[in-house]
Structure formats: C-alpha cells, structure tokens
Amino acid sequence: MVTAVRPADTLTRDALAVLQPGFTGTTAPDWLLRRLDEGLVSVALFGRNVHGPEQLGALTGQLRATRDELLIAIDEEGGDVTRLEVRGGSSFPGNLALGAVDDTALTRDVARELGRRLADCGVNFNWAPCADVNSDPANPVIGVRSFGADPALVARHTAAYVEGLQSAGVAACAKHFPGHGDTAVDSHHDLPRVTADLTTLRERELVPFRAAVAAGTRAVMTAHLLLPALDPERPATLSPATLHGLLRAPVTAGGLGFDGLIVSDGIEMRAISATYGIERGTVLALAAGADAICVGGGLSDEDTVLRLRDALVRAVREGELPEERLADAAARVRALAHWTRVAGAGEGAAPAPGIGLTAARRAVRLTSVTPHRPLTVPAYVAAFTPHANIAVGDETPWGVAAELARLLPGTGSATYTAADAAADPAALVDDLLTAAGDRPIVAVVRDLHRHPWMADVLHVLLTARPHTAVIEMGVPQAPPQGTPHIATHGAAHTCTQAATEALTGRGVWGDRADA
C-alpha cells in the first residue's frame, strides 16, 4: 500500500514548524524573517542576542511583525543560568537557593516575577524549571540548578515554579526528562548513563515531572542520556519507550499522561551529534515522540535550519518518519504559540522588583568554626574559580569581590584556577598571603566538594590564616570551614549581594534580621 504524502509546501512548513533555532546578533537577520514567513513558528534566544530590556523588546517586536503567533524561547532559569542578565548576573537566585528556603509561596512569587519580566520583553516560552533531582553530588552540569536532592522537595517547588511562571503568561518547560541529576557526565560533551532501575526512577527522578504535569506545565524538555531501564540502546531524546511509552502514556498504563509540547535539549550537544549527527538525531527525536527540536546554542546559522528542515522532509518522503507524526508535532507547536498569545493578553502579573533579593537573603546560611565579627575593614578576596559548564557559560560574572569593594573601598582581589594550583598549592597560598598583606581574607569557592585542587589550596590557606572567611557559592556539600562560613546556594548577582550583607553584618539574611 502506498502512503499519500502531503504537498511539498505543507511538508516544508511542518518541518520548519518543529524547529526552535537560534541566530546571532541583536536584531533578526533577514534569513530568519524569511523562514518565519515560510512556516517557522519558534525562535530561540541566547545571551548573545540580549543587551538589555529595551533592545530585547525591539527584537521580539521585529519578530512578531512577521509572525504574530510565535514562540520566542529562552533559557532563563535565574541563578547561575541567565540570558536576560548574562553580563551582570541574575537578579534572581536559582533553584537550589529556593529549595534551601523551602517556601513554595516564595518560589511561586519568584517565578511569577521572572515570567513578568520575560513577558514585558516579549518572551513567552522559558526552558525552565529544572526538575532534576540532584542525587549525584559529583554532577557537573545540574548542581545548583536543581531544587535539591530530595524528590518530594524538588516536586513541590517544580510545581510552584510552573504555576508562577505560567501565571505571567509565559509557558514553562520542565527539564531534563526523565532526569539528569544522577550523572557525573555533562551531556554537552558526552552521553551520560543512568544505571538506576525502574523502581528507583519512579520513586526519585520521575516524581518532580509528575508534579510538573499535574501543575499544568505546557512543555517538557528531554535529556540526552541513556537509561537502560527504559531503553538500552537509545538516549531518552531518541527513545520511543521513554517519550511515547512513558511521558505520553496514560497514568493508568504507568505513564505520566503528558499531553503538552515535548522539546529536545540542544540537538547539537555531543551526546547526540557525536553519535547520530544532527540531521539523523532530529529525525529520530521526532519519530520517538518529540514535537520540537532545540538548536542554535552552538549552530546558529541558516544552513543548519535548512539541513534539519530538509532532513525531516526527506525522512517523510522515504517512509522513515510518518507524515502524521510530523503533522502532529507541528500542530502541538502551533497550539502552544496560540496559548501564549491568549495567556499573554490579560493584565499580567503585578511587579515584585525586590523578590529576588528577598529570596537570596533567606537562602544564606552562616556558620563559623570560631567566634567572628562582621567584616568592617577592606579585605582581600581570593576567588577559587572552576571551569564553567556550557549551560552556565563563562561570560556571566560571579563572586563577591566587586560588591565587597563597593561596600569596603580598598578591598583587593585575585582569581585562582586549577592551573595556578597544579604546581604547588603552598606556593600559591604564599603569593596570596603576600598580596593580602594584613587585610582579612575572604575565600570564595564554588562546589568545593567536586574540586580537589580547590580543597587542597583552601586547607593550606586556613592553616596559615584560620580566621579566613569562606563563601561557598555552589552546592554546600563539603563540611563548613572558615570564620565564618557562608553558603549562598548559588552564584547569581543577588546571591552575591546577600553574601556580602551577611559577611559585613548588614541587612536581613537567613530568614532573620541581623543586628
């Protein structure tokens, strides 16, 4: 029997509709506007496209002048992963800080304000929140992006975040299904493997995603990782058993019963591209049940869009991808674009400009090995800086040096890396002490438990200067050290403000007023 294939124009429009491509520049290139006219329904924005709210509003207006019902997507988690404030640091703490506070009303309010700011700039689809349970402390890519290691806590805050974001008219996207927390491999670079059995997955990884679905999340993003308990051969993004057989399957059949948009993580990430290539990866993802393909974090040119479009059309014509599956996926993308237009037509969320700092202050945890006094004199800040993962990027500033220098003029600083410590940690500390002179030292670390070089240098430093203050701006997995030790649960700019307030004895932090 011969299957009828729809006209070329219809196939091409559907193939374009399922792509969520990025581009370079702060205005829309001509090629992108042409593709919008030809059927493209989504555009992805990254930090390179954003220079400020007014510019971003002009850009989204330019895009909507070509296509009114349009998904304009962004990866704006707040915290360490920000695109709106990529050059200055986020005004919102990330998920781990919100999980540390464990006030779902606060999480809902933070997400609503973040959504309001996105909507004001014309962005209506946010690839957030992370619903991953950070069950492996060595995880190099999730960490502070997760609400925590307890599935129930992650679930209730994922639901609150979804509700808050969507109350501002911005579609939420719970990620990375079925859970990227139990890995020690970054899928930007390689294919992680999660060896948990199905019972563990259902009791841990899937709990927050069930909560997200129950809260009405409009989208779910897939993870590029292999879970043999679900599919021993293909990563989740390309696995029919994972997407159609688990995420889409009815609850009565053991599935999650999700009926919204399924979008892939970046298809050019090496976990997919190194094995399958982006064209074949795109076809397999659609065939497995994905509805949209995220691309453009690395490949952001017209040729990439045309290659993926043509690969999908060719797959339909050659019988590899059912035309009904492509049509269904395109219809889901268009339906979400319509939802955002209707949801964004209301009055919108009331502004809450200070909510991010309020949350960051409440997330601060201060302990001390020995009695300490608030810092009142110029200090020397030593930032021990790990290599940034691709999701965070190395363009966004972090640390407390600039903020502390503003509060205490005369404060100096330096950055130290693994390369600096490789030869001789003791020599590094000698140089640090010489630079500091008689000023008190503030050591800033990030995920101390994951970086032996950092722990070695800090040990030598604390031996020489026991009254060194330590600020942990990552996951506070290592035992507290320092006089005092401050855990911020993230490196957002607003976490920096909260940390310096706690260090200098100013303001309100840690859910209490500090006299």
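Just above sits the structure.
Peer 1: Let's hear about the overall build of the chain: which residues, and what values?
Peer 2: Tallying secondary structure elements over the chain gives 19 helices and 16 strands in all. Radius of gyration (C-alpha) of the chain: 23 Å, near the 24 Å computed for a compact globule of 515 residues. Of all intrachain contacts in the chain linking residues separated by at least 6 positions in sequence, the fraction that spans at least 24 positions is 78%. With an accessible surface of roughly 19,000 Å², the chain has 53% of that area assigned to carbon and sulfur atoms. Mean positive and mean negative side-chain charge positions of the chain (44 and 59 charges, respectively) differ by 3 Å.

Peer 1: Go over helix α12 (residues 302-317) with me, naming the residues and quoting the values.
Peer 2: With 16 residues, α12 should cover 22 Å at 1.5 Å per step; its first-to-last C-alpha distance of 23 Å lies within 8% of that length. Restricting attention to buried positions, one finds in α12 the residues T304, V305, L306, L308, R309, A311, L312, V313, A315 and V316. Its side-chain oxygen 3.1 Å from the backbone nitrogen of D303, D301 forms the N-cap of α12. Downstream of α12 by one or two residues, G319 has phi in the positive range, about 80 degrees.

Peer 1: Any chance you could break down the state of the cysteines for me, citing the residues and the numbers?
Peer 2: Summed over the entire model, instances satisfying the criterion amount to zero disulfides. Cysteine C130 remains unbridged, with the sulfur of C173 as its closest cysteine sulfur at 9.8 Å. Just so you know, C495 is unpaired, no disulfide at all, and the nearest cysteine sulfur is the one on C130, 15 Å from it.

Peer 1: Could you give me a rundown of the environment of E279, with the residues and numbers involved?
Peer 2: Relative to the helices and strands, E279 is located in helix α11 (residues 278-288). Among all residues touching E279, those that are not within four sequence positions of it are R307, L308 and A311.

Peer 1: Before we move on, could you go through helix α5 (residues 104-120) and cite the residues and values that matter?
Peer 2: Between its first and last C-alpha atoms α5 spans 24 Å; for 17 residues at 1.5 Å apiece the expected length is 24 Å, and the two agree. Taken together, the buried positions of α5 are occupied by L106, T107, V110, A111, E113, L114, G115, R116 and L118. Buried residues in α5 make contact with β3 (71-74), α4 (95-101), β4 (125-126), α6 (151-167) and α14 (355-363). Among the residues of α5, the N-terminal cap falls to D103, whose side-chain oxygen and the backbone nitrogen of A105 are separated by 3.0 Å. Just beyond α5, the residue with positive phi is G122, at close to 90 degrees.

Peer 1: Could you give an account of the packing of aromatic side chains, naming the residues involved and the relevant values?
Peer 2: Applying the stated rule across the entire model yields four aromatic pairs. Aromatic side chains F46 and W127 sit 6.1 Å apart centroid to centroid with 50 degrees between the ring planes, which places their arrangement in the tilted category. With F46 in the loop between β2 (42-45) and α3 (53-66) and W127 in the loop between β4 and α6, the pair connects residues that are 81 residues apart, well separated along the chain. On the basis of relative accessibility, which here comes to 12%, the residue F46 falls in the buried class. Seen in terms of ring centroids, F384 and Y416 are 5.8 Å apart; in terms of plane orientation they differ by 45 degrees. Their pairing is tilted. On the criterion of sequence distance, the pair formed by F384 in strand β10 (residues 380-384) and Y416 in strand β11 (residues 412-416) is long-range, its members being 32 residues apart. Comparing F384 with Y416 shows no difference in burial state: the two are buried.

Peer 1: Can you tell me about the sheet that holds strand β7 (residues 261-263), naming the residues and giving the values?
Peer 2: Strand order across the open sheet formed by three strands is β5-β6-β7, with parallel pairing between neighbours. Of all the strands in the sheet, the pair left with one neighbour each is β5 (173-177) and β7. Across the sheet, the axes of successive neighbouring strands diverge by a mean angle of 25 degrees, strand direction being ignored. The pairing of β5 with strand β6 (residues 219-222) spans three bridges and is parallel. Among the inter-strand pairings, F177 is bridged to a residue of β6, identified as T222.

Peer 1: Please give an account of the sheet that holds β2 that cites residues and values.
Peer 2: Pairing in this open sheet of three strands is parallel, and the strands run β2-β3-β4 from one edge to the other. A single partner strand is all that each edge strand has here, and the edge strands are β2 and β4. Sheet analysis places β2 next to β3, joined by four bridges and oriented parallel. Of the residues in β3, the one forming a bridge with V43 is I72. Of the strands in this sheet, β2 and β3 are in contact with α3, which crosses β2 at around 165 degrees.

Peer 1: Give a detailed account of the nonpolar core, specifying residues and quantitative values.
Peer 2: Core analysis: the biggest nonpolar cluster contains 110 residues, and L45, L63, F125, W127 and F177 have the highest contact counts within it. Ignoring sequence-local partners within four residues, the contact set of F177 consists of L206, F209, V220, M221, T222, A223, A236, T242, L243, L246, L247 and L256. Of all hydrophobic cores here, the second largest spans 24 residues; its members include A360, A383, A469 and A492.

Peer 1: Any chance you could break down the packing of α6 against helix α8 (residues 206-214) for me, citing the residues and the numbers?
Peer 2: Running from N to C, α6 and α8 point in directions that differ by 25 degrees, and their axes come no closer than 8 Å. Between α6 and α8, the crossing angle belongs to the class labelled roughly parallel. The handedness of the crossing between α6 and α8 comes out as right-handed. Residues P151, V154, A155, T158, A159 and V162 of α6 lie in contact with α8, whose contacting residues are V207, P208, A211 and A212. By residue class, the composition of the contact of α6 with α8 is nine nonpolar, one polar and no charged.

Calculation criteria
- Residues numbered from 1 in each chain as written.
- Predicted model: local features only at pLDDT ≥ 70, side-chain atom pairs only at ≥ 80, totals over all residues.
- Heavy atoms only, no water.
- Helix = DSSP H or I, 4+ residues; strand = E, 2+ residues; numbered from the N terminus.
- Rg over C-alpha atoms; globule rule 2.2 N^0.38 Å.
- Contact = heavy atoms within 4.5 Å.
- Areas by Shrake-Rupley, 256 points an atom, 1.4 Å probe, with all protein chains shown as cover.
- Lys, Arg positive; Asp, Glu negative; His and termini not counted.
- Charge placed at Lys NZ, Arg CZ, Asp CG, Glu CD.
- Expected span 1.5 Å × (residues − 1).
- Buried < 20%, exposed > 50% of the residue type's maximum accessible area, 1.4 Å probe, protein only.
- Polar contact = N/O pair within 3.5 Å; in protein donor to acceptor, adjacent residues only side chain to side chain.
- Disulfide = S-S within 2.5 Å.
- Phe/Tyr/Trp six-rings, centres within 6.5 Å; stacked < 30°, edge-to-face > 60°.
- Pairing = 2+ DSSP bridges.
- Axes fitted to C-alpha atoms, helices over the stretch in contact; angles between N-to-C directions.
- Core = buried A, V, L, I, M, F, W, Y, C linked by side-chain atoms within 4.5 Å.
- Parallel < 35°, antiparallel > 145°, perpendicular 65-115°, else oblique.
- Left-handed = near helix turned anticlockwise from the far one by under 90°.
- Nonpolar A, V, L, I, M, F, W, Y, C, P; charged D, E, K, R; others polar.

In short, shape yes, function no, at least from these values alone.
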